[in-house]
Amino acid sequence: MSTLITNIAELMTQDAEHRVLRDAAVVIEGERISWLGPAAEAPAADERVDAGGRALLPGWVDSHTHLIFAGDRTAEFEARMAGETYSAGGIAVTTDATRSTSDFDLTRLAMGRVAEAVSQGTTYLETKTGYGLDVENEARSARIASTVADEVTYLGAHLVPAGMDAEEYTELVCGPMLTAVRPYARWADVFCEQGAFNEDQSRRVLLACKAAGLGLRVHGNQLGEGPGVRLAVEVGAASVDHVNYLSAGDVDALAGSWAGWDAAGGSGTRGTVATCLPACDLSTRQPLAPGRELLDAGVQLALASNCNPGTSYTSSMAFCVTTAVLQMRLSVHEAVRAATYGGALALRRESGNDVDGGRAVGSIAVGHRADLHLLNAPSATHLAYRPGIPLTHAVWRAGVAQPVR
C-alpha cells in the first residue's frame, strides 16, 4: 500500500542537506518513505492525500521522557511557583505512588501519555525507569516501558531511596538491579547532581551499564555547575541532558566531542549531544539552557519534553520548539531540527535504514521511517509566530495515520 501526500507548501526535510522544498510531495510505502520531490513530478500511488498547502515536518523525536509513573505532584508545583527552590527530593513522592499502582494501571497511564504525545506530532520517543528504585519495581517499569515506548532507558540511579546508604544503593544499581532491567533497556542514565549521585557514584553506574552493553545518557548540570557534562563526554555518552549551568570548559568539552563529526554530511564519529529541556527550565525557574551558545560552539543540540510529574508535566514538543525560538534565540529551522534530527542523533537513530531492526527517524529521506507531521499552517514559522495554538493537522507514525485530537 502506497500513499502520496501532495500539495505541500513547505517540506522541511531536516536531512543531511537541510533541504526545504516548496510545492512538494512525499510517497509512503509501507512504513518507509519511498519518494520525495516536486509535486508535479510525483509518481502514482494507491492513495492520495491533499495537504492543502500546509507544511510538512518530520515527526518530533522526544529523546527524554519519564512516562512510567503514577500519582500527582501539584502541591510541589504550587510551592515552587510560590518561591520554593526545586530539589531532587520530590522524586520520592512519585516513587511511593508508582510502587503502589498495578501493572495494568501503570500501563494504561503510560499508553495515554504516549497517545497524547503522538496526537501532537511526536512519532518516536524514549522513556525511562526511575520511579521504582528497587529491583522488582525498576524491572517492572522497564518491562512496561518496553511495551509503550520506542526506546527504554534504565534510570535506577535517579535518587537514593529514603533510609538507604548511597554507596550501598549504588552497588545495587550496578549489580542485581542492572541484571533485572537489562533485557528491556537499550540505554542507561544517571542523575549526576547535588542531592542525587556524586561524580564517583555516577561514573561507577555508567561504566557498569556500559560493560553490560547499554548505551549511556546523563542528567547533568541542571541545578548548578558540576561534573555531569565532563563525565558524559569522558564515558562517551550519547547525550547529556538539562545543561543549564555550563562553564567555558563544559562547552569546550562538548564541542570537542564532535571534532570527528561531519555536520554537513551527517557522518563520522558522533559526540555527546546536549539535550535542552526548556519546559522543565520554565517549571523549575532555572535559567534556560544556553542553546545558542552551544550551537555556535559546534555542539549538536536536541530539544526534548522531559515529560514527568514533578518538573515538566507536558508532552508538547511544539511548546519546546516555540520556547527555543522565542527565549533561547534559536531560529525556527534550528529549533525544529533539534526537536527532530537532534533527538534522533541523541538516540543514535538518525541514519541507516535497518539499525537494530529499525529505520532511521528524525528526518524525511528515502528509506527512512515514514514519521511525518503535517501542520495546519503554510510554514513551520507558525509554530513560534502563533505560540500556544494547536497546529497539528495530521500525523503518520511508521507510515500509519494516527488519531489527532
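Description of the structure in this document. From a predicted model like this one, the values you see are computed outputs, not experimental measurements.

**Let's talk about the overall build of the protein**
And step 1. For the protein, the count of helices and strands is 15 helices and 17 strands.
And step 2. Against the 2.2 N^0.38 benchmark of 22 Å for 405 residues, the protein shows a C-alpha radius of gyration of 20 Å, consistent with a compact globule.
And step 3. Dimensions of the protein, computed from the C-alpha atoms along their principal axes, are close to 65 × 45 × 45 Å.
And step 4. Within the protein, the proportion of its 405 residues that are buried is 58%.
And step 5. For the protein, contacts bridging at least 24 residues in sequence account for 72% of all contacts bridging at least 6.
And step 6. A total of about 14700 Å² of accessible surface is found on the protein, and carbon and sulfur atoms cover 51% of it.
And step 7. The distance from the centre of the 32 positive side-chain charges to the centre of the 47 negative ones in the protein is 3 Å.

**Things to note about the sheet that holds strand β15 (residues 372–375)**
And step 1. Taken in spatial order, the seven strands make up an open sheet running β3-β2-β1-β4-β15-β16-β17, and their pairing is mixed. In the strand order of this sheet, the two ends are held by β3 (32–38) and β17 (400–401), each with one partner.
And step 2. Direction of pairing for strand β2 (residues 20–29) relative to β3: antiparallel, over a ladder of six bridges. Bridged to V26 within β3 is L36.

**Overview of the packing of aromatic side chains**
And step 1. Under the criterion given, the structure shown has four aromatic pairs.
And step 2. Between the aromatic rings of F69 and Y131, the centroid separation amounts to 6.3 Å while the plane-to-plane angle is 75 degrees, which identifies the pairing as edge-to-face. Linking F69 in the loop between β5 (60–62) and α1 (74–81) with Y131 in the loop between β6 (122–128) and α4 (135–148), this pair joins segments that are 62 residues apart in sequence. By the burial criterion, F69 is buried, and Y131 matches it.

The rules behind the values
Residues numbered from 1 in each chain as written. Predicted model: local features only at pLDDT ≥ 70, side-chain atom pairs only at ≥ 80, totals over all residues. Heavy atoms only, no water. Helix = DSSP H or I, 4+ residues; strand = E, 2+ residues; numbered from the N terminus. Rg over C-alpha atoms; globule rule 2.2 N^0.38 Å. Buried < 20%, exposed > 50% of the residue type's maximum accessible area, 1.4 Å probe, protein only. Contact = heavy atoms within 4.5 Å. Areas by Shrake-Rupley, 256 points an atom, 1.4 Å probe, with all protein chains shown as cover. Lys, Arg positive; Asp, Glu negative; His and termini not counted. Charge placed at Lys NZ, Arg CZ, Asp CG, Glu CD. Pairing = 2+ DSSP bridges. Phe/Tyr/Trp six-rings, centres within 6.5 Å; stacked < 30°, edge-to-face > 60°.

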